[in-house]
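Here is what each chain is made of, one letter per residue.
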Amino acid sequence: AMVSIEQYHDELLSESKSVPYFDKFENPMPLTFGVLQSGDWPASTPSSARLEGVFGFLTNVDRDVVCEELRKRLQKALPDPRSYDLKFTFRHDGFSVDEASWLPKAVLQAATAAEYSSSAGPMLASSDVQ
């Protein structure tokens, strides 16, 4: 299952190489499997496991498309739907503001007025501000 998710990530990364502002990064889309929990005793085979991770994507892809494709790939890798439970949390689309628009210009002007050195650029992180 993890391999199919990694393959999908690699495909999206290839398709996303030309997204403005992010094209200078080798991998601007995080893919991590950061939580793995299973079992409750060292000498027994676990009856279940929990895997949690992050699957980043850029502004050229819709979140619902990504979620559906991940679901399809997991169903192909694990055909018995009773063997897993897939949940998506904190789902939102990527967002980009053209640096020529009024907002980045105003922020940069304010930084200059406050004598801070600043420049516009991408943020490789998720935010709940929309």
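Scroll up to find the structure.
Residues numbered from 1 in each chain as written. Predicted model: local features only at pLDDT ≥ 70, side-chain atom pairs only at ≥ 80, totals over all residues. Heavy atoms only, no water.

Student: Describe in detail the pattern of salt bridges, supporting the description with residues and values.
Tutor: Evaluated as defined, the whole model comprises six salt bridges. The partner of Arg63 in a salt bridge is Asp64, with the nearest N and O atoms 3.7 Å apart. The class for Arg63 is partly exposed, based on a relative accessible area of 28%. Its relative accessible area of 42% is what places Asp64 among the partly exposed residues. Across the salt bridge formed by Glu69 and Arg73, the nearest N and O atoms sit 2.7 Å from each other. Pair noted here: Glu69 and Arg73 are both in helix H2 (residues 63-77), with a separation of four residues, about one helical turn. Here the residues in one salt-bridge network are Glu11, Glu69 and Arg73, joined through shared partners. (Salt bridge = Lys/Arg side-chain N within 4 Å of Asp/Glu carboxyl O. Buried < 20%, exposed > 50% of the residue type's maximum accessible area, 1.4 Å probe, protein only. Helix = DSSP H or I, 4+ residues; strand = E, 2+ residues; numbered from the N terminus.)

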